[in-house]
Amino acid sequence: MGRGDFDRLCNASGLIYNSSSEDDSGGWDAIVEFPLINSIALLNSLNEQPIQCLVQIKSTDGEKKGVQVKLSNMKRFCDTPLPCFFFFARYDGNESIESAYLVHINRDVMFQVLKRIRQNDTGKKSPLHKLSFTINHSDEDEIFLFNKDALKNAIEKHIPLGMKRYCEDKLRDLGDIGYKGTRYALNFKIASENDYKSLINASLGYPATINIKDVQGWDTRFDINFRMEELEAEKAIIEITSVEAFSTGTIRFEDEKEDATFKCEFFISPIAFNAPDDLASFRISSDFFDLIVGVKNNQMKMDFESYDKVFHLADLRELLLLIKMLNTPNGQLKLTIKNNEGIETSFFASNNSFSANPIANEIINAEQIALTLMQIASYFRVDKNCKVSLNELIKKQQDIERMHTFISKTPGGDPILRLEIPEHNDNIDSGKELRIFIAIPLFFSSFFICLACVAKGSFTYKNKVMIFDNYEINIEKLIRAGDLMEIKKQCQEVSDKINRRFKNDDMDFYFYNSFSQVKP
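Residues numbered from 1 in each chain as written. Predicted model: local features only at pLDDT ≥ 70, side-chain atom pairs only at ≥ 80, totals over all residues. Heavy atoms only, no water.

### With respect to the overall build of the chain
For clarity, the cut-off: Here a strand is any run of E in DSSP of at least two residues, a helix any run of H or I of at least four, and the numbering for each starts at the N terminus. Type-normalised accessible area, obtained with a 1.4 Å probe on protein chains alone, sets the label of each residue: buried when under 20%, exposed when over 50%, and partly exposed for intermediate values. Residues are treated as being in contact if the distance between any of their heavy atoms lies within 4.5 Å. Surface accessibility follows the Shrake-Rupley procedure with a 1.4 Å probe radius. Residue values consider only the protein chains on display as shielding.
For the chain, the helix and strand inventory stands at 13 helices and 27 strands. Looking at the chain as a whole, 40% of its 520 residues are labelled buried. Intrachain contacts of the chain at a sequence separation of at least 6 include 63% that bridge at least 24 residues. As displayed, the chain has an accessible area near 28900 Å², and 47% of this comes from carbon and sulfur atoms.

Here it is as structure tokens:
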């Protein structure tokens, strides 16, 4: 009776009913197909292909709301990407159907079926066709028989995004259901003490290769461990390339005078946290440094990013300030770590490894150089784009100091300016004023600047050398450019302008253009 009424409901909704050739042979009684879509554009779209589904038909009497189904048939319904349903036709002792229900084999049902199969695989291992599974219907599954499109609407509501999307989602669920994050559990022994240390480092996010032995493995689906022979080995090598941070936040370093704060990631693992006292640690990583902190002794091991890595100048100065604090003798350094949830903890570092750095003093002195360069960058209005590396800062120290001296020059101050004139005779009038056009460049990987200026003042002449006694600086142009060629081009323009200006003067002074000469 149930098949006949199901056929009539299909015809009423315009659906195509295909009965299976053998009774319940594949777990289904019928394949139901929706008619082809009339629109050619929609017909050519995979997302708009007509719905196809498998249906098992059950006839019931009385108040019973469930049936026993072979677990093997339920597995077939889970394995196929097609939508699958149970159609219940209830007769209550009558020949005419009283009510009907359509139960969808959804993700929740798949979970129960696959879990039952896993339990059997790790238990008695009974043939699936000898095990049963109960399918129940509820009032929410009822089809209203007075509506001719009732069956069609009931099927469509479970496939709202089309067949292609439905099949993709079901196949993904088939592979993912029952897993909680990880899919496998491993049990092994560490081959040596060095491998144990490597494992601790790897758990904190450092790439590492670890030798292990006596390996056993389990699939952990549904929290039921299923032993896997393919994961067993006497010896093996684990290669860990990356680990996600436990959380993110900030770290603040404080001494008696200064403090510096950095955004960072926290790497905390049970393996490292519960290691022996001398190895128990956690890791704090930022764009500027990498820090290992001892859990039991608060000792710090800090490594800085490559000295050639480019940072924004303001950030680099914060880093240099931190290095200065690390090198303060007998000073207490307080660390405060705070995650993005606002949880905060503080402790004092008992020792740090930076003071042993062979270029520690040179790096510490660079903090003042960075401050000087910040002033220069602000003066030239390039501070927003000013990025330098620590090595650049150290190597360019003299150039930075020279540039800063000129832009902050006061009459009578440094630097000493001298002009060698071997081609002149000794008939030099020291009572005249000396003027020199100077182009002072400063180049970094991220920006190019040049100070074009004229120094003028009194001088002393001796042994074919003119030395300023007192002078002032007149800035002609602050040059900013993207490359060296543009710097030279703009300097030449200013140089030509200065030459024309002084050519028209009465020339009751000595003038020298250092940019236009081969030898300044």
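### Details of a nonpolar patch on the surface
Condition: Think of a patch as exposed residues, more than 30% relative accessible area, with no salt bridge, where like charges cluster within 9 Å and nonpolar side chains (Val, Leu, Ile, Met, Phe, Trp, Tyr) cluster within 5 Å. A pairing counts as a salt bridge when a side-chain nitrogen of Lys or Arg comes within 4 Å of a carboxyl oxygen of Asp or Glu.
On the surface, Phe246, Ile268 and Phe273 cluster together to form a nonpolar patch covering roughly 300 Å² of accessible area. Within the fold, isoleucine 268 resides in the loop between strand E14 (259-267) and helix H8 (270-273). Its relative accessible area of 36% is what places isoleucine 268 among the partly exposed residues.

### Describing the packing of aromatic side chains
Definition in use: Stacked, edge-to-face and tilted labels apply to pairs of Phe, Tyr and Trp rings (six-membered ring for Trp) whose centres lie within 6.5 Å, assigned for plane angles under 30 degrees, over 60, and everything in between, in that order. For a Lys NZ or an Arg CZ to count as sitting over a ring, it must be within 6 Å of the ring centre and within 35 degrees of the ring normal.
If you walk through the whole model with that rule in mind, you get 18 aromatic pairs. A centroid spacing of 5.1 Å and a plane angle of 40 degrees characterise the contact between phenylalanine 468 and tyrosine 471, whose relative ring orientation is tilted. Note on phenylalanine 468: relative accessible area 7%, which makes it buried. Site record: aromatic cluster; members linked through ring pairs are Phe253, Phe262, Phe288, Phe289 and Phe311. Positioned above the aromatic ring of phenylalanine 267, the side-chain terminus of arginine 283 is 4.5 Å from the ring centre. Sitting above the plane of the phenylalanine 444 ring, lysine 396 keeps its charged end 5.3 Å from the centroid.

### Here we look at the side chain of aspartate 290
This is how the line gets drawn: By the criterion applied in these results, polar contacts are pairs of N or O atoms within 3.5 Å in which, for protein atoms, one can donate a hydrogen and the other can accept it, and in which residues neighboring in sequence qualify only through two side-chain atoms.
Turning to its location among the elements, aspartate 290 is positioned in strand E16 (residues 289-294). A polar side-chain atom of aspartate 290 sits 2.8 Å from a polar atom in the side chain of arginine 283. Each residue touching aspartate 290, except ones within four places of it in the same chain, is listed here: Tyr206, Arg283, Ile284, Ser285, Lys301, Met302 and Asp303.

### Re the sheet that holds strand E23 (residues 418-420)
The test is simple: Between any two strands, at least two bridges found by DSSP are needed for them to pair. What counts as an axis is a line fitted to C-alpha atoms, over the stretch in contact for a helix, and the angles between N-to-C directions run from 0 to 180 degrees.
Read across the sheet, five strands follow the order E23-E26-E25-E24-E27 without closing on themselves; strand pairing throughout is mixed. What marks the edges here is a single partner per strand, and that holds for E23 and strand E27 (509-513). Neighbour to neighbour, the strand axes of the sheet diverge by 35 degrees on average, direction disregarded. The strands that helix H12 (residues 397-407) touches are strand E24 (433-443), strand E25 (448-462) and strand E26 (465-481); relative to E24, the one it contacts most, it runs at about 135 degrees. Helix H13 (residues 484-503) contacts E24, E25, E26 and E27 of the sheet and is inclined by roughly 125 degrees relative to E26.

### Thoughts on helix H6 (residues 163-176)
As a reminder of what qualifies: To estimate how far a helix should extend, the number of its residues minus one is multiplied by 1.5 Å. Directions are taken from the helix axis to each C-beta atom, and the arc is the one they span.
Between its terminal C-alpha atoms H6 stretches 20 Å, which fits the 20 Å expected from 14 residues at 1.5 Å a residue. Every buried residue of H6 is accounted for by Met163, Tyr166, Cys167, Lys170, Asp173 and Leu174. All buried residues of H6 project into a common sector of 125 degrees when viewed along the axis, lining one side. Following H6 by one or two positions, glycine 178 has its phi on the positive side, about 95 degrees.

### Describing the sheet that holds strand E8 (residues 142-143)
Reading across the sheet, the six strands line up as E1-E2-E3-E5-E6-E8 and stay open at both edges, with mixed pairing between neighbours. Each edge of the open sheet carries a strand with a single partner, namely strand E1 (16-19) and E8. Here E1 pairs with strand E2 (residues 30-33) via four bridges, running antiparallel. Bridging from a neighbouring strand, tyrosine 17 pairs with valine 32 of E2.

So far we have only geometry, and geometry alone does not tell us how the molecule works.
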